[in-house]
Amino acid sequence: SEKRVEYLGIFESLFFTIQDSNYLEGIGMLVTLQLLIRMVIATSAHPRISLITSTISAAVSDVCHFFFIFGLVFYGFAVLAWWRFGGDMEELQSITAALYTQVDSMLGPPGLFQLTQGHTRS
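Residues numbered from 1 in each chain as written. Predicted model: local features only at pLDDT ≥ 70, side-chain atom pairs only at ≥ 80, totals over all residues. Heavy atoms only, no water.

Peer 1: Mind showing me how you'd approach the overall build of the protein chain here?
Peer 2: A count of helical and extended segments in the protein chain gives three helices and zero strands. Within the span of the protein chain, comprising 122 residues, buried residues form 9% of the whole. A separation of at least 24 residues holds for 16% of the contacts in the protein chain among residues at least 6 apart in sequence. Accessible surface computed for the protein chain: about 10500 Å², of which carbon and sulfur atoms make up 68%. (Helix = DSSP H or I, 4+ residues; strand = E, 2+ residues; numbered from the N terminus. Buried < 20%, exposed > 50% of the residue type's maximum accessible area, 1.4 Å probe, protein only. Contact = heavy atoms within 4.5 Å. Areas by Shrake-Rupley, 256 points an atom, 1.4 Å probe, with all protein chains shown as cover.)

Following this line, the structure appears as structure tokens:
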């Protein structure tokens, strides 16, 4: 029983370490994103580069709307693929699998990146 408690304690400690690591990774991502945004804002002071930043800021609304509509249509096609072919094809057995299959199809020849298996081809 003492060994079991020690064993479970090790896994609990490992779990908290992994949780802390994921938290720090998220903080690091936010800091990196903040630095990127600050760099883009700083480049708008240069006359030639400010043309690029002003173009991007003018297009943000349209790009956001495009990605929203694209996401709705993309998800809709995944639901249709799952609904119609999910019982017959392993690649479409769930909505998530159908989404991975669609992304894999968009990236190149079918199976090139093998996103449904969780790894890429080297």
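Peer 1: Explain the side chain of Thr 53 to me, please; I cannot follow it from the model alone.
Peer 2: As for its position among the elements, Thr 53 is in helix H2 (residues 47-85). Ignoring sequence-local partners within four residues, the contact set of Thr 53 consists of Val 40, Thr 43 and Ser 44.

Peer 1: I would appreciate a short explanation of helix H3 (residues 95-107) in the present structure.
Peer 2: Each full turn of the α-helix corresponds to 3.6 residues, which orients residues three or four apart in the same direction. Look at H3: 19 Å from first C-alpha to last across 13 residues, which is about the 18 Å you get at 1.5 Å a residue. If you check which residues of H3 are buried, you get Ala 97, Ala 98, Thr 101, Gln 102 and Asp 104. Down the axis of H3, the buried side of the element spans an arc of 160°, and every buried residue falls inside it. Downstream of H3 by a residue or two, Gly 108 has a phi angle that is positive, lying close to 155°. (Expected span 1.5 Å × (residues − 1). Arc of directions from axis to C-beta.)

Peer 1: What should I look at first to understand the side chain of Gln 102 in this one?
Peer 2: Positionally, Gln 102 belongs in helix H3. The contact partners of Gln 102, leaving out residues within four places of it in the chain, are Phe 74, Phe 77 and Ala 78.

Peer 1: In this structure, what is going on with the confidence of the model for the protein chain? I would like to understand it.
Peer 2: Parts of the prediction with low pLDDT should not have their coordinates interpreted in detail. With 89% of its residues at a pLDDT of 70 or more, the protein chain shows a mean pLDDT of 86. Predicted confidence in the protein chain is weakest over helix H1 (residues 2-43), with a mean pLDDT of 88, and strongest over H2, with 93. (pLDDT = per-residue confidence, 0-100.)

Peer 1: Would you take a moment to explain the packing of H2 against H3 for this structure?
Peer 2: Helix packing for two helices is described by the angle between their axes and how far apart those axes are. The geometry of H2 relative to H3 is characterised by a closest axis approach of 8 Å and an angle of 115° between their N-to-C directions. Once H2 is placed against H3, the crossing between them reads as right-handed. Contact with H2, carried on its side by Phe 70, Phe 74, Tyr 75, Phe 77, Ala 78, Val 79 and Trp 82, involves Ile 95, Ala 98, Leu 99, Gln 102, Val 103 and Met 106 of H3 and no other residues of that element. When grouped by side-chain class, the residues that make up the contact of H2 with H3 number 12 nonpolar, one polar and no charged. (Axes fitted to C-alpha atoms, helices over the stretch in contact; angles between N-to-C directions. Left-handed = near helix turned anticlockwise from the far one by under 90°. Nonpolar A, V, L, I, M, F, W, Y, C, P; charged D, E, K, R; others polar.)

Peer 1: Which parts of the structure should I look at to understand a nonpolar patch on the surface?
Peer 2: A cluster of nonpolar side chains, namely Phe 68, Ile 69, Leu 72, Val 73, Phe 77, Leu 80, Trp 82 and Trp 83, defines an oily patch on the protein surface of about 910 Å² accessible area. Within the secondary structure layout, Val 73 lies in helix H2. A relative accessible area of 43% means that Val 73 is categorised as partly exposed. (Patch = residues over 30% accessible without salt bridge, like charges linked within 9 Å, V, L, I, M, F, W, Y side chains within 5 Å. Salt bridge = Lys/Arg side-chain N within 4 Å of Asp/Glu carboxyl O.)

Peer 1: Where do I start with the packing of aromatic side chains in this structure?
Peer 2: How two aromatic rings sit relative to each other is given by the distance of their centres and the angle of their planes. Going through the model one piece at a time under the given rule, you end up with five aromatic pairs. Aromatic pair Tyr 7 and Phe 11: ring centres 4.9 Å apart, planes at 70°, arrangement edge-to-face. One end of the pair, Tyr 7, and the other, Phe 11, are both in helix H1, four residues apart, so they sit about a helical turn from each other. Each ring, one from Phe 70 and one from Phe 74, has its centre 5.5 Å from the other, and the planes form 20°; the classification is stacked. With a gap of four residues between them, Phe 70 and Phe 74 both fall in helix H2, about one helical turn apart. With a relative accessible area of 36%, Phe 70 lands in the partly exposed category. Through a chain of ring-to-ring contacts, the aromatic side chains of Phe 66, Phe 67, Phe 70 and Phe 74 assemble into a single cluster. (Phe/Tyr/Trp six-rings, centres within 6.5 Å; stacked < 30°, edge-to-face > 60°.)

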